[in-house]
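# Structure assessment
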Amino acid sequence: MTDHKRFVAAAFGITGHYTPLPGEIDENAKLAESSGTNYLLRISPPETEAAALRFRQSVLGAVANVDVATPRVIPTVDGATWAALDDGRMAHVYSWVAGVAYREAGRPPELAHGIGVAAGEIVGALADLPAGPHPPRFLWDLSDAGTIIRERSIAVDDPRRLRLIERALTRCDEIELDTLPRQVIHNDLNDENILVRDGAVSGVIDFSDAIHTVRVAELAIACTYAMLDQDDPVSVACEVVAGYRSVALLTDPEACALLDLIIARLATSVTVSASRGSANPHHSISEDLAWDLLERLLAGDLDAIAEELAAAGGGVHTRAAQ
């Protein structure tokens, strides 16, 4: 990453100290100027389409006025929104969002309501944004979770865990996707992308997985990662739902699908991690916790849990009640 210092100085007029950061696809670094101003530098692969970058930046523009901090696009010295390297990769710079990742802060359950509020505000800000290009073979679209889980489950060789995946797939297959409203969402409100500061949710980062999909996936994903490593994960999820519902609409079909979408996200996460191995720690950072939560949920009374989550959202129309 430090090899890009001269390029970034010329293209963006920014110089400073580089600290590499983890990432799934992009090459990322924190860039700290001597003045104390920090930036995020992202280098996207050469195959990244310009339309995808434009869509990501339109998403950032749409969420610029939500209550939590989000990244802002930093233009080049020529006023462009990114710059091309000689090898075809795209460099783009964003304002740095201060805060500590929810995971690093110890996943305090008292912040669950604030996580839900942030998710709801982002959904509201993105409600009217046109759909962008859908990445080919995208792994993280919950409306396609069944296909992804089936493909990736061949890498799971533990019979007990495979049984969990089979049960998760049964739940996935019963989600009535056609009843769920669709829109653009952040799509990755995990415990690394939710930032906290001074005892409150303060920021949301990494909009690179934003897609047009089922709206309630935003809430399901936020619940999933807030539930990890919690003594009472369902109560934590109910707080997330209540926070979301305080600022955003949650329809009865969405409330009905919520638990199954949480299970789908967990099963997607563990099977994708299993298929990728340990080459990139970013891919498996929460794998053991996700397996644990998936097992705990599937060992419980799923109809009762679904009812509890729906009630937190102001409804009672779970699958068992229909």
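What comes next is a walk through the structure. (Residues numbered from 1 in each chain as written. Predicted model: local features only at pLDDT ≥ 70, side-chain atom pairs only at ≥ 80, totals over all residues. Heavy atoms only, no water.)

Let us now look at the packing of helix α7 (residues 233–245) against helix α10 (residues 302–312). Packing of α7 against α10 brings their axes to within 8 Å, and their N-to-C directions diverge by 30°. In terms of their interaxial angle, α7 and α10 are classed as roughly parallel. With respect to the hand of their crossing, α7 and α10 are arranged in right-handed fashion. Every residue of α10 that contacts α7 at Val-234, Ser-235, Ala-237, Cys-238, Val-241 and Ala-242 is listed here: Ile-305, Glu-308, Leu-309 and Ala-312. Residues that form the contact of α7 with α10 fall into these classes: 8 nonpolar, 1 polar and 1 charged. (Axes fitted to C-alpha atoms, helices over the stretch in contact; angles between N-to-C directions. Helix = DSSP H or I, 4+ residues; strand = E, 2+ residues; numbered from the N terminus. Parallel < 35°, antiparallel > 145°, perpendicular 65-115°, else oblique. Left-handed = near helix turned anticlockwise from the far one by under 90°. Contact = heavy atoms within 4.5 Å. Nonpolar A, V, L, I, M, F, W, Y, C, P; charged D, E, K, R; others polar.)

This brings us to the pattern of salt bridges. For the structure shown, the criterion picks out 15 salt bridges. The partner of Arg-42 in a salt bridge is Asp-26, with the nearest N and O atoms 3.3 Å apart. One end of the pair, Arg-42, is in strand β3 (residues 38–44); the other, Asp-26, is in the loop between β1 (17–21) and β2 (27–32), with 16 residues separating them in the sequence. In this structure Asp-26 comes out as buried when scored by relative accessible area, which is 9%. With its nearest N and O atoms 4.0 Å apart, the salt bridge here joins Asp-229 to Arg-107. Placement of Asp-229 in the loop between α6 (217–227) and α7 and of Arg-107 in the loop between β7 (100–101) and α3 (112–126) is noted, with a sequence separation of 122 residues between them. Residue Arg-107 is classed as buried on the basis of its relative accessible area of 8%. Among the charged side chains, a network of salt bridges with common partners joins Asp-26, Arg-42, Arg-56 and Asp-206. (Salt bridge = Lys/Arg side-chain N within 4 Å of Asp/Glu carboxyl O. Buried < 20%, exposed > 50% of the residue type's maximum accessible area, 1.4 Å probe, protein only.)

To continue, consider α6. In terms of residue burial, α6 counts as a mostly covered element, since 11 of its 11 residues are buried. The complete set of buried residues in α6 reads Ala-217, Glu-218, Leu-219, Ala-220, Ile-221, Ala-222, Cys-223, Thr-224, Tyr-225, Ala-226 and Met-227. In this structure, the buried residues of α6 make contact with α3, β8 (182–185), β11 (211–214), α7, α8 (252–276) and α9 (287–298). Just past α6, the residue Asp-229 takes up positive phi, approximately 60°.

Looking now at the nonpolar core. Ranked by size, the top nonpolar core spans 81 residues in total, and within it Leu-219, Ile-262, Leu-294, Leu-297 and Leu-309 carry the most contacts. Sorting elements by how many residues they give to this core places α8 first, with 11 residues. With sequence-adjacent residues up to four places away left out, Ile-262 is seen in contact with Ala-220, Cys-223, Thr-224, Met-227, Leu-297 and Leu-309. Counting residues in hydrophobic clusters, the runner-up holds 15 residues, among them Ala-11, Ala-29, Leu-85 and Val-93. (Core = buried A, V, L, I, M, F, W, Y, C linked by side-chain atoms within 4.5 Å.)

Checked against the element boundaries, Asn-28 lands in strand β2. Side-chain polar atoms of Asn-28 contact the backbone oxygen of Pro-22, separated by 3.2 Å. Side-chain polar atoms of Asn-28 contact the side chain of Arg-42, separated by 3.0 Å. (Polar contact = N/O pair within 3.5 Å; in protein donor to acceptor, adjacent residues only side chain to side chain.)

This brings us to the environment of Ile-115. The residue Ile-115 is located in helix α3 in this model. For the pair Ile-115 and Gly-243, spaced 128 residues apart in sequence, the C-alpha to C-alpha distance is 7.1 Å. Residue contacts for Ile-115: discarding those within four places in its chain leaves Tyr-102, Ile-194, Val-201, Ala-222, Ala-226 and Val-240.

Let's shift gears to unusual backbone geometry. Of note, the phi angle at Arg-137 is positive, near 50°, even though the residue is not glycine. Following the sequence through the fold, Arg-137 ends up in the loop between α3 and α4 (145–152). For Arg-137, a relative accessible area of 54% translates into the label exposed. One non-glycine residue, Asp-198, lies in the positive phi region at around 55°.

To describe two helices that pack against each other, one gives the angle between their axes and the distance between the axes. Here α4 crosses helix α5 (residues 159–173) at 160°, and the two axes come no closer than 9 Å. Judged on the interaxial angle alone, α5 and α4 are roughly antiparallel. As α4 runs across α5, the sense of the crossing is left-handed. Contact with α4, carried on its side by Gly-146, Ile-149 and Arg-150, involves Ile-165, Leu-169, Cys-172 and Asp-173 of α5 and no other residues of that element. Residue composition of the contact of α4 with α5, by class: 4 nonpolar, 1 polar and 2 charged.

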